[in-house]
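Listed below are the residues making up each chain.
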Amino acid sequence: MRTSSGLALVALALGSAAWVPTADFKQDSATHVWKGTVSGVAGTVFEYLAPYDRGLHKLVVWENVDDPYKISVYKNLLSSTTTSSGIGTTLESREVKLGSSSVETVDVGDSHYITAVQVCTNNNKIKGVRIWGRSLKNDGALNVAEIKSEYELPNCNGNWGAKVSCGDEKIATGIRAHAKEPWNGFSGLTLRCGKVIPK
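Residues numbered from 1 in each chain as written. Predicted model: local features only at pLDDT ≥ 70, side-chain atom pairs only at ≥ 80, totals over all residues. Heavy atoms only, no water.

> Just give me the short version of the overall build of the chain, but keep the residues and values in it.
Per the secondary structure count, the chain includes 1 helix and 15 strands. Counting across all 199 residues of the chain, residues that qualify as buried make up 46%. Accessible surface, the chain: about 9500 Å² in total, of which carbon and sulfur atoms supply 53%. (Helix = DSSP H or I, 4+ residues; strand = E, 2+ residues; numbered from the N terminus. Buried < 20%, exposed > 50% of the residue type's maximum accessible area, 1.4 Å probe, protein only. Areas by Shrake-Rupley, 256 points an atom, 1.4 Å probe, with all protein chains shown as cover.)

In structure tokens form, the structure reads like this:
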């Protein structure tokens, strides 16, 4: 009994050390499309494209002296049982200045992927973000159940732009952050969407 348990523990330990999460699916590049609508205000484009076996799940918006100057984009492995694979990139419209700063996060979770985004603006600055997300089935199709995550600053004033949706069984595989006046921060968002297929 002791020997059996000991071997099991050793095997478990070795397995834990060697195991690396892998994706079950990959992006179907033939279905990639940038949504033509910008939620918020269009401007100078700052772009991020996820690797071929990742999808987007979280955005972190950084404000500095009232300017949404930085957005961190997080990605998930394409899997029906995935965990987050961490930050993809950070987009910056300008350098940080002296003064107060704050951080707001929208996140559909480690097992979901962004399928839609909506932005609230005031004076050409992002003051609220909503994202929607869905998880993958074992065959790569999207589950019907949807998760929503949002933040809204007091000076959003309910000025929500158009909701930009991937639709057609697609998830977000890239994002463009727009800056009408880059020195004042970001003003809008749009998505690159695509289907997933088995690896």
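> Which residues make up the packing of aromatic side chains, and what values go with them?
A complete count under the given rule lists 1 aromatic pair for this structure. Arranged with centres 5.3 Å apart and planes meeting at 90°, the rings of Phe46 and Phe186 form a pair that is edge-to-face. Within this pair, whereas Phe46 is found in strand S4 (residues 44-49), its partner Phe186 is found in the loop between strand S13 (171-179) and strand S14 (188-194), the two being separated by 140 residues in sequence. Take Phe46 and Phe186: they sit in the same class, and that class is buried. The ring of Tyr74 carries Lys58 above its face, with NZ or CZ at 4.1 Å from the centroid. (Phe/Tyr/Trp six-rings, centres within 6.5 Å; stacked < 30°, edge-to-face > 60°. Lys NZ or Arg CZ within 6 Å of the ring centre and 35° of its normal.)

> Residues and numbers for the nonpolar core, please.
The biggest cluster of nonpolar side chains holds 29 residues, and the ones touching the most others in it are Leu59, Val129 and Leu189. Here this core takes 4 residues from S13, the largest share from any one element. The residues touching Val129, leaving out its near neighbours within four places in the chain, are Leu59, Val61, Val106, Val117, Gln118, Ser149, Glu150, Tyr151, Trp160 and Leu189. Core analysis: the second largest hydrophobic core is formed by 7 residues, Tyr113, Leu136, Leu142 and Val196 among them. (Core = buried A, V, L, I, M, F, W, Y, C linked by side-chain atoms within 4.5 Å. Contact = heavy atoms within 4.5 Å.)

> I'd like to hear about the state of the cysteines, residue by residue, with values.
If you walk through the whole model with that rule in mind, you get 2 disulfides. The side chain of Cys120 participates in a disulfide bridge whose partner is Cys156; the two sulfur atoms lie 1.9 Å from each other. On the S-S bond that ties Cys120 to Cys156, the torsion sits near 100°, and the link is right-handed. Here Cys120, found in strand S9 (residues 113-122), pairs with Cys156, found in the loop between strand S11 (147-152) and strand S12 (164-165); they are 36 residues apart in sequence, far enough to count as distant. By the burial criterion, Cys120 is buried, and Cys156 matches it. (Disulfide = S-S within 2.5 Å.)

> Kindly report on the side chain of Ser93, identifying the contributing residues and their values.
Considering the arrangement of structural elements, one finds Ser93 in the loop between strand S7 (84-92) and strand S8 (101-107). Looking at Ser93, its side chain comes within polar contact range of the main-chain oxygen of Pro182, at 2.9 Å. (Polar contact = N/O pair within 3.5 Å; in protein donor to acceptor, adjacent residues only side chain to side chain.)

> A description of the sheet that holds S11 should follow, citing residues and the corresponding values.
Pairing in this open sheet of 4 strands is antiparallel, and the strands run S11-S10-S9-S12 from one edge to the other. Edge positions in the open sheet fall to S11 and S12, since each of these has one partner strand only. The sheet contact formed by S9 and strand S10 (residues 125-134) spans 9 bridges and is antiparallel. Residue pairing for S10: Tyr113 is matched across the bridge by Arg134. (Pairing = 2+ DSSP bridges.)

> Please give an account of the pattern of salt bridges that cites residues and values.
When the charged atoms of two side chains with opposite charge come close together, those side chains can pair. This model, assessed by the stated rule, comprises 12 salt bridges. Here Lys199 and Asp53 are joined by a salt bridge, their closest N and O atoms 4.0 Å apart. One end of the pair, Lys199, is in the segment after strand S15 (196-198); the other, Asp53, is in the loop between S4 and strand S5 (54-64), with 146 residues separating them in the sequence. Here Asp67 ties to Lys97 by a salt bridge, and the two come within 4.0 Å at their closest N and O atoms. Of the two residues, Asp67 sits in strand S6 (residues 67-77) while Lys97 sits in the loop between S7 and S8, which places them 30 residues apart along the sequence. With relative accessibility at 3%, the residue Asp67 sits in the buried group. Exposure remark for Lys97: the relative accessible area of 42% places this residue in the partly exposed category. (Salt bridge = Lys/Arg side-chain N within 4 Å of Asp/Glu carboxyl O.)

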